Amino acid sequence: MALMKSITPDRCQQELQERGGADFGFAYADKCRFRVAIFKQKGNVSIVCRRIPSQFFTFEQLRMPDAIRRLITRPRGLLLVTGPTGSGKTTSLASMINFINDNYDRHIITIEDPIEYYHTHKRSTVNQREIGVDVPSFKEALRRALRMDPDVILVGEMRDLETIHAALEAAETGHLVFATLHTSGAASTINRIVDVFPKEQQDQIRTQLSTALIGVLSQALLPKKPEGVIAAYEMMVVTPAIQNLVRENKVYRIDSSIQTGRKHGMFLLDESLFKLWKEGLCEKEEVLLRASRPAELAQKIALAERGQLEEDEYGDEEEEDEYEDEDEDTDDETEDDEDDDRRRPSVRRSGR
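Residues numbered from 1 in each chain as written. Predicted model: local features only at pLDDT ≥ 70, side-chain atom pairs only at ≥ 80, totals over all residues. Heavy atoms only, no water.

**Quick notes on helix α6 (residues 138-145)**
Here comes step 1: Phe-138, Glu-140, Ala-141, Leu-142 and Ala-145 are the residues of α6 that are buried.
Here comes step 2: Buried residues belonging to α6 abut β5 (107-112), β6 (125-130), β7 (152-155) and α7 (161-172). (Buried < 20%, exposed > 50% of the residue type's maximum accessible area, 1.4 Å probe, protein only. Helix = DSSP H or I, 4+ residues; strand = E, 2+ residues; numbered from the N terminus. Contact = heavy atoms within 4.5 Å.)

The structure is reproduced here in structure tokens:
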């Protein structure tokens, strides 16, 4: 109890008494920082501390998809980072904010509960607001943020209908918005957002989401050999074809669009897991535990172990989405064909 009181702010001690638990950030001088959860159990007080890395990781260190670097420099749109608790979403977002801060002149506002990574002003101005300390709620923080002339807004978590709606509106009105959800995969993320709203509003939300969303990065954290952890990713970049799938409520086709969207930097989680196993970074059992389709991935791994898997069989799919012809307009198809013509020679060379 003495340790808890020595590190816990008064407001969190009051919340512990009233609600049985509280969360906050705690720094030990300038040595290290922790995200702390305090809660009651069996009449006693327990503490869980998660250490936050003291330095920012680069995209290369995190093995971040190349598409992220392009998406976070766009002037507007909604970029979602998803995954279960403890999958490294906060670390990924902190690296994105740090990259912008290092390279671009932007006004960045982060809304967090609690603040985990502290950002200093570099090329950008970074203002960090903590729920319960600087502002009462995510909804209120987003409403106020739109009046502060931001270029980039980070929403620590989209917890409710009001926060999700406010984030969509911010993305539509010319801001780049980063946010997190506790979902796995791009398709389930879109369904989660739409299902939060009443039935009569869902068609309108699909339309808004199709125009505001620019990408979904889903991730899972695995034990790394011989020690440490490493992230596996699923990357969806919103193309005109995917916009139509979202708008027309054909989310079940999104995985197919991701598989055939390699030229846009897209790939599924199972492809990333297979790559980690193939490079000897993770155990087979660990990648199968986190696979979206474990039976299919197990079959691919078995073929690879026997040397019967073609070099490009897992992931080098056809470059044209089977729905692209009917979903994309003529201009978009022309641009995609030009991209294919420029990139096809290098693909052929790598396959020899």
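On we go.
**Things to note about the side chain of Thr-91**
Here comes step 1: Within the secondary structure, Thr-91 is located in helix α5 (residues 89-103).
Here comes step 2: The exposure class of Thr-91 is buried, given its relative accessible area of 17%.
Here comes step 3: Once residues within four sequence positions are removed from consideration, Thr-91 is found in contact with Phe-57, Leu-62 and Tyr-117.

**Describing unusual backbone geometry**
Here comes step 1: Omega for the peptide link from Asp-113 to Pro-114 comes to -5°, which places this bond in the cis form.
Here comes step 2: Inspection of the secondary structure puts Pro-114 in the loop between β5 and β6.
Here comes step 3: At the junction of Lys-225 and Pro-226, the peptide bond is cis and its omega measures out at -5° in the coordinates.
Here comes step 4: Inspection of the secondary structure assignment puts Pro-226 in the loop between β9 (213-223) and β10 (229-237).
Here comes step 5: The phi dihedral of Lys-42 is positive, around 55°, even though this residue is not glycine.
Here comes step 6: For Lys-42, the location among the structural elements is in the loop between β2 (32-41) and β3 (44-52).

**Quick notes on the nonpolar core**
Here comes step 1: Among the nonpolar cores identified, the biggest contains 70 residues, and Met-96, Phe-178 and Met-236 are the most heavily contacted of them.
Here comes step 2: Top element by residues in this core is α7. It accounts for six residues.
Here comes step 3: Discounting chain neighbours no more than four positions away, the residues touching Phe-178 are Ile-72, Leu-79, Leu-93, Met-96, Ile-97, Ile-100, Val-152, Ile-153, Leu-154 and Val-155.
Here comes step 4: In this structure, Leu-222, Trp-277, Ile-301 and Leu-303 belong to the second largest nonpolar core, which totals 16 residues. (Core = buried A, V, L, I, M, F, W, Y, C linked by side-chain atoms within 4.5 Å.)

**Topic: the sheet that holds β3**
Here comes step 1: Strand order across the open sheet formed by three strands is β1-β2-β3, with antiparallel pairing between neighbours. At either margin of the open sheet sits one strand with a lone partner, and together these are β1 (21-28) and β3. Ignoring strand direction, the axes of neighbouring strands in this sheet form an average angle of 25°.
Here comes step 2: Pairing of β1 with β2 involves eight bridges; the strand directions are antiparallel. Looking at the pairing, Phe-24 lines up with Val-36 of β2.
Here comes step 3: Strands β1, β2 and β3 of the sheet are contacted by helix α2 (residues 10-19), whose axis makes an angle of about 155° with β1. (Pairing = 2+ DSSP bridges. Axes fitted to C-alpha atoms, helices over the stretch in contact; angles between N-to-C directions.)

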